[in-house]
Amino acid sequence: MTSQGIVPIVDLGQLSLAHASEPSRDEWLRVGKSVAEAFQNIGFVYLKNHGVPETQVSSLVASGGRFFDLDLKTKNKFDPANFKHELREAYDIKRSDGEFPDGEVPALRRDADAFINTCKALSLRILKAMALGIDLDESFFVDTHQEICSDNNASCMRLLHYPPVPEDVPAEAIRCGAHTDYGTITLLFQDDIGGLQVRDRQNQWVNADPVPGAILVNEHRVLIPKEEKRMKASRRSVVFFVHPDDPVLIKPLDTSSTYPIVTAREHVLRRFKETYTY
Ligand SMILES: O=C(O)CCC(=O)C(=O)O
Ligand SMILES: [Fe+2]
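Definitions and limits used
Residues numbered from 1 in each chain as written. Chains lettered and ligands numbered in written order. Predicted model: local features only at pLDDT ≥ 70, side-chain atom pairs only at ≥ 80, totals over all residues. Heavy atoms only, no water. Helix = DSSP H or I, 4+ residues; strand = E, 2+ residues; numbered from the N terminus. Expected span 1.5 Å × (residues − 1). Buried < 20%, exposed > 50% of the residue type's maximum accessible area, 1.4 Å probe, protein only. Contact = heavy atoms within 4.5 Å. 1 Å grid on protein atoms, 1.4 Å probe; cavity = no way out; pocket = protein on both sides within 12 Å on 5 of 7 lines; lining within 4 Å. Points joined across faces, edges and corners; volume = space filled by probe spheres on them. Salt bridge = Lys/Arg side-chain N within 4 Å of Asp/Glu carboxyl O. Axes fitted to C-alpha atoms, helices over the stretch in contact; angles between N-to-C directions. Parallel < 35°, antiparallel > 145°, perpendicular 65-115°, else oblique. Nonpolar A, V, L, I, M, F, W, Y, C, P; charged D, E, K, R; others polar. Pairing = 2+ DSSP bridges. Core = buried A, V, L, I, M, F, W, Y, C linked by side-chain atoms within 4.5 Å.

Q: Before we go on, may I ask you to explain helix 1 (residues 25-41) in this structure?
A: Owing to its 3.6 residues per turn, the α-helix aligns residues three or four sequence positions apart on the same side. For helix 1, spanning 17 residues, the distance from its first C-alpha to its last is 24 Å, which sits close to the expected 24 Å at 1.5 Å a residue. Inspection of helix 1 places Glu27, Trp28, Val31, Gly32, Ser34, Val35, Ala36, Ala38 and Phe39 among the buried residues, and these make up the whole buried set. Close packing links the buried residues of helix 1 with strand 2 (7-11), strand 3 (44-48), helix 4 (108-133), strand 8 (185-190) and strand 11 (215-219). Of the residues one or two after helix 1, Gly43 is the one with positive phi, at around 95°.

Q: Looking at this structure, how should I read empty space enclosed by the protein?
A: Rolled over the atoms, a probe sized like a water molecule indicates the empty space that remains. All chains considered together, the criterion is met by 2 cavities of 30 Å³ or more. Here the largest cavity is characterised by a volume of approximately 40 Å³. Of all the secondary structure elements, the ones that give two or more residues to the lining of the largest cavity are helix 2 (54-68), strand 6 (156-162) and strand 13 (235-242).

Q: What is the right way to read the pattern of salt bridges from this model?
A: When the charged atoms of two side chains with opposite charge come close together, those side chains can pair. The final tally for this structure, using the stated rule, is 13 salt bridges. Taking the shortest distance from any N to any O, the salt bridge between Asp135 and Lys33 comes out at 3.1 Å. Residue Asp135 is located in the loop between helix 4 and helix 5 (140-143), and its partner Lys33 is located in helix 1; the two are separated by 102 residues in the primary sequence. The partner of Arg95 in a salt bridge is Asp151, with the nearest N and O atoms 3.3 Å apart. Taken together, the residues Arg95 in the loop between strand 5 (89-93) and helix 4 and Asp151 in the loop between helix 5 and strand 6 connect sequence positions 56 residues apart. In this structure Asp151 comes out as exposed when scored by relative accessible area, which is 58%.

Q: Would you take a moment to explain the packing of helix 1 against helix 4 for this structure?
A: Any two packed helices are characterised by the angle at which their axes cross and by the distance between the axes. Where helix 1 meets helix 4, the axes come as close as 7 Å, and the angle between the chain directions of the two elements is 80°. Here helix 4 runs roughly perpendicular to helix 1, going by the angle between their axes. Seen from helix 1, the contacting residues are Arg25, Trp28, Leu29, Val31, Gly32, Lys33, Val35, Ala36 and Phe39; seen from helix 4, they are Arg125, Lys128, Ala129, Met130, Leu132 and Gly133. For the contact of helix 1 with helix 4, the residue count by class is 9 nonpolar, 2 polar and 4 charged.

Q: Just to check I follow, could you spell out the layout of surface pockets for this structure?
A: For the second largest pocket, the calculated volume is near 940 Å³. Along the walls of the second largest pocket sit 47 residues, with Asp92, Cys156, Arg158, Phe241 and Phe272 positioned nearest its centre. Elements represented by at least two residues in the lining of the second largest pocket include exactly strand 5, strand 6, strand 7 (176-179), strand 8, strand 12 (224-226), strand 13 and helix 6 (264-274). Of the residues in the lining of the second largest pocket, the class split is 22 nonpolar, 9 polar and 16 charged.

Q: Explain the pairing of strand 8 to me, please; I cannot follow it from the model alone.
A: Looking along a regular strand, one sees the side chains alternate between the two faces of the sheet. Taking burial as the measure, the 6 residues of strand 8 include 6 buried ones, the bulk of the element. Inspection of the sheet shows strand 8 paired to strand 11 by 4 bridges, in the antiparallel sense. Considered in strand 11, the bridge of Leu187 is made with Val217.

Q: Any chance you could explain the nonpolar core here in plain terms?
A: The nonpolar side chains of soluble globular proteins are, as a tendency, buried together. Counting residues in hydrophobic clusters, the biggest one holds 47 residues, and the most contacted among them are Met157 and Leu187. Looking at this core, the element that brings in the most residues is helix 4, giving 12 residues. Beyond its immediate stretch of four places on either side in the chain, Leu187 contacts Cys119, Leu122, Ser123, Ile126, Ile215, Leu216, Val217, Val238, Val239 and Phe240. Ranked by size, the runner-up nonpolar core spans 21 residues in total, among them Val7, Tyr162, Cys176 and Ala208.

Written out as structure tokens, the structure reads:
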């Protein structure tokens, strides 16, 4: 395992989507143990050789760019998220058969469909490896994530656009506040601008600069801020949030009562309510 700063880089090897045959048991375990170790130590990992076609990501980012370039009135028809204190725009897409700006950005539906399917397949591989990495049955997470990007599951893909920061920006403005994500894991495809930081277990912020060809994956406990107040360039990223199916009970594996048992749906609704107070 190599690392970028203190965030480890794991090579998916035979678990790559580009690898046609079933990975060996040793490969599942190697990846699973490395990912589990990274999550236990810092909560983040870069995955390289994941097999997500570069053209799929670039095509989606280009279509997303065309969407963000539309005038506000047109964009607002598709309910993009506006963040009160943050200099960014987001467009969350859950299903490729939903409402789309087909007239304005004809390729977006096709690009989103391809990307969601690819990310689903990759997530299921990561989830299987994660279970094996912490000595659970290999289907432990896969069985609880059967309906990714359906109406019974909060997973979604998010297109993000950070416009260049204007000179006269208020001192308190930020691009993306410190937060934790709400789901099981998040796949983050950054462009090469950088600026992302993650917080380690000692509460120190460390840079998570883009690693060419690698995606950053986090499990939900660690915070991500973005303090790029002075950034002149616009920045784009694509995020794939992976959640358990709505009825799944979230409970400590050790059967302790440290956390109250809630369904995945209750958990996500609670987090949405608390959101964007940062
Ligand atoms: O902008 C990024 O790259 C990360 C955004 C993020 O963490 C989020 O939207 O949850
Ligand atoms: Fe996040």
